[in-house]
Amino acid sequence: MTMAALKRAALLLLLSLYTAFAAGPFVWAAMLSLRTTTEIHRNHFAPPNPAHWDKFAEAWFTSNYGVYFTNSTQVVVSAVVILTLVGSMAAHCLARYRFRFNRVIYFVLFSTIIFPPQITIISLFQILVQYGLYNSKLGLTLVYVAIQLPLTIYLLESFFARIPSDLFDAARIDGYSDWEIFWRVSLPIALPAVATTVILNFILLWNEFLYAVVLITEEANRTLPLGIQRFIGDTQEDVGMIATGLMIAIIPVVVVYAFFSERLIQGMTAGAVK
Amino acid sequence: MPAGHEQNLHQDGLRKPWATIGVFLLPSLAIYAAFTAYPAVRTIWNSFHRVLPRSDEPVGLANYAELMRDEIFWRSVRNTITWACTSPLVEVSVALLLALALYAKVPGARFFRVAWFTPVLMSYVVVGILWLWIYNFDWGPVNVALRALGLGSWAKPWLGDPNTALPALIFVTSWMWVGFNMVVLLAALHSLPREVLEAAELDNCGWGGKLVFVILPLIRATLLNLVVLSFIGKMKIFDLVWITTKGNPLWATETVSTYVYKRAFEWTTFDLGYPSTIAALWFVIVLGSVLTLTWLFRLRQKLEY
């Protein structure tokens, strides 16, 4: 009995150590974000005492993080809205209608998940320059829709396909049109799955870097990851302010995670378990 | 595919309303054509040309011939493949141990699960900067801890040394992704049929035996999926390298993605053809290796059952 208890305690200790390892860097960054660089250089691991909350205002207004944050929000929110609508329309159609090439279209859309981004990124640069969409938030938004579309359709299609067809027959007898069936039957039932894809797409795009770094160069259009990169380029040594900037980028994701952790974990694991 | 799927398709399919199907699919197909298919084809076309800002000039296979002799490219291929082959094994095996620990009904399992998942929520940009600090020579926690333990001679600029830079970055990606793999494996463990596990217990099967003969074969598909998923992710790796080392020191951390970016947008050759050639060849290599991996896993499955 004591042996079992001892084993259990050892296991718990091990798991706690791993937790410190996994979450430690984040906690450390949070502490750094509330301290000035002078304080940090005196001791890198001291708690924030006193806490300099005003550093967030400084980063927001004088280091341009307010602009980056607004840009990120605009691009990501509009991309997610378009993705959700366009993706669920396609997923509904592929799950609900039987027609020639149904599976071919599904496979073609889905298979792009494994494409390395390089295969499109150089030409996307050329194309966006050609159409005057280079260095614009609209261009980046459209590209974001394109890169997340396969995953969105994949997740939603498998959910839509599980809705019992009796519901659709009933709706049809009640005189619903095809569009109404999608909008008033399918979509409301699939709301949990839709929510999952919304959260997942939000976080993945909020963190996106490669496409942004290629397609955006103007300061006024930079998203948060680009803003942070520019900031470390300019001020290598200002550890305190960099940490504040990092927290500004992390906080929205943490807030979303705090509210929807179960749903998000479901979404991220759904693809892998199958 | 769920059982109802075919039937649903069938019943609605009796009407074949092509106009409706078109309306539902058109936006997705248009976006796919404009921002995925067309750019991909154009990249392949580019790979046979010299593409300057104002003019294109066909060069046949010259770019490919040059690529074969490009030592930096092959160095970056070696680095990327090293990354893609080591990371999945580390990630999935550590994740499996952690998932088994949580599966054994430890108090606070829910908390652990949520906490371990957090690294994957941060962008590579954030993670990269954090680990630049963690590996910092003067005040990074790694070197501080080594000095505190009296191992000061082991302290080094981990990302500045050509011998340790790549392993140090591989370690970072594993730190980031273990939690994700763990959560997936835990979900797979929880979905195992109770009866089978109980039967194994009745047969007096110990924990080790149960793991090797019962649990592992049952979650094998999930394990392999995770390996492939992680492999694909590492073949694409760009952000982390770009933020931390930019491929330095001495190409030690150069990956194919960073090299393509440098050749396309940083080197003053202004030619987009050559980087397109790298992209096209890499595309074939990634596609080929993913297909081979899945085929190998399938084949083994068939042989075993």
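Residues numbered from 1 in each chain as written. Chains lettered and ligands numbered in written order. Predicted model: local features only at pLDDT ≥ 70, side-chain atom pairs only at ≥ 80, totals over all residues.

*Asks:* Honestly, the overall build of chain B in this entry has me stumped. Any pointers?
*Replies:* Each helix and strand in chain B was counted, giving 13 helices and 2 strands. Expected size for 305 residues packed as a compact globule is a radius of gyration near 19 Å; at 24 Å, chain B overshoots this value by more than 25%. Expressed as lengths along the three principal axes of its C-alpha atoms, the size of chain B is roughly 75 × 75 × 35 Å. Residue burial in chain B is summarised as follows: out of 305 residues, 40% are buried. In chain B, once contacts between residues fewer than 6 apart in sequence are set aside, the share between residues at least 24 apart is 70%. (Helix = DSSP H or I, 4+ residues; strand = E, 2+ residues; numbered from the N terminus. Rg over C-alpha atoms; globule rule 2.2 N^0.38 Å. Buried ≥ 20, exposed ≤ 12 C-beta atoms within 10 Å, placed from the backbone. Contact = placed C-beta atoms within 7 Å.)

*Asks:* Whenever I open this one, the interface of chain B and chain A confuses me. Can you help?
*Replies:* When the parts come together, some accessible area is lost, and that loss is often what is quoted as the size of the interface. On the chain A side, the residues contacting the 76 residues of chain B number 69 residues. The element best represented in the side of chain B that touches chain A is helix 2 (residues 18-46) of chain B, accounting for 15 residues. When grouped by side-chain class, the residues that make up the side of chain B that touches chain A number 52 nonpolar, 19 polar and 5 charged. (Nonpolar A, V, L, I, M, F, W, Y, C, P; charged D, E, K, R; others polar.)

*Asks:* Can you help me understand the environment of Thr245(B) in this one?
*Replies:* Residue and element names in this part refer to chain B. Tracing the backbone through its elements, the reader meets threonine 245 in the loop between helix 11 (239-244) and helix 12 (256-266). For threonine 245, a count of 21 C-beta atoms within 10 Å corresponds to the buried category. Sequence spacing of threonine 245 and aspartate 161 is 84 residues, and the spatial spacing of their C-alpha atoms is 11 Å. Those residues in contact with threonine 245, other than ones at most four positions away along the chain, are Leu159, Ala165 and Thr253.

*Asks:* What exactly am I supposed to notice about the confidence of the model for chain A here?
*Replies:* For residues with low pLDDT, the predicted coordinates do not support detailed interpretation. When pLDDT is averaged across chain A, the result is 86; 97% of the residues are at 70 or more. The element-level mean pLDDT for chain A is lowest in helix 2 (residues 37-42) of chain A, coming to 78, with helix 4 (residues 65-96) of chain A highest at 93. (pLDDT = per-residue confidence, 0-100.)

*Asks:* Quick question: what am I supposed to make of the packing of helix 4 (residues 71-103) of chain B against helix 10 (residues 207-235) of chain B here?
*Replies:* Each pair of packed helices can be described by the angle between their axes along with the distance between the axes. All names here are of chain B. For the pair helix 4 and helix 10, interaxial distance at closest approach is 8 Å and the crossing angle is 145°. Classified by chirality, the crossing of helix 10 by helix 4 is right-handed. Side by side, helix 4 and helix 10 meet where Thr80, Trp83, Ala84, Ser87, Pro88, Glu91 and Val92 of the first sit next to Leu223, Leu226, Val227, Ser230, Phe231, Lys234 and Met235 of the second. When its residues are assigned to classes, the contact of helix 4 with helix 10 shows 9 nonpolar, 3 polar and 2 charged. (Axes fitted to C-alpha atoms, helices over the stretch in contact; angles between N-to-C directions. Left-handed = near helix turned anticlockwise from the far one by under 90°.)

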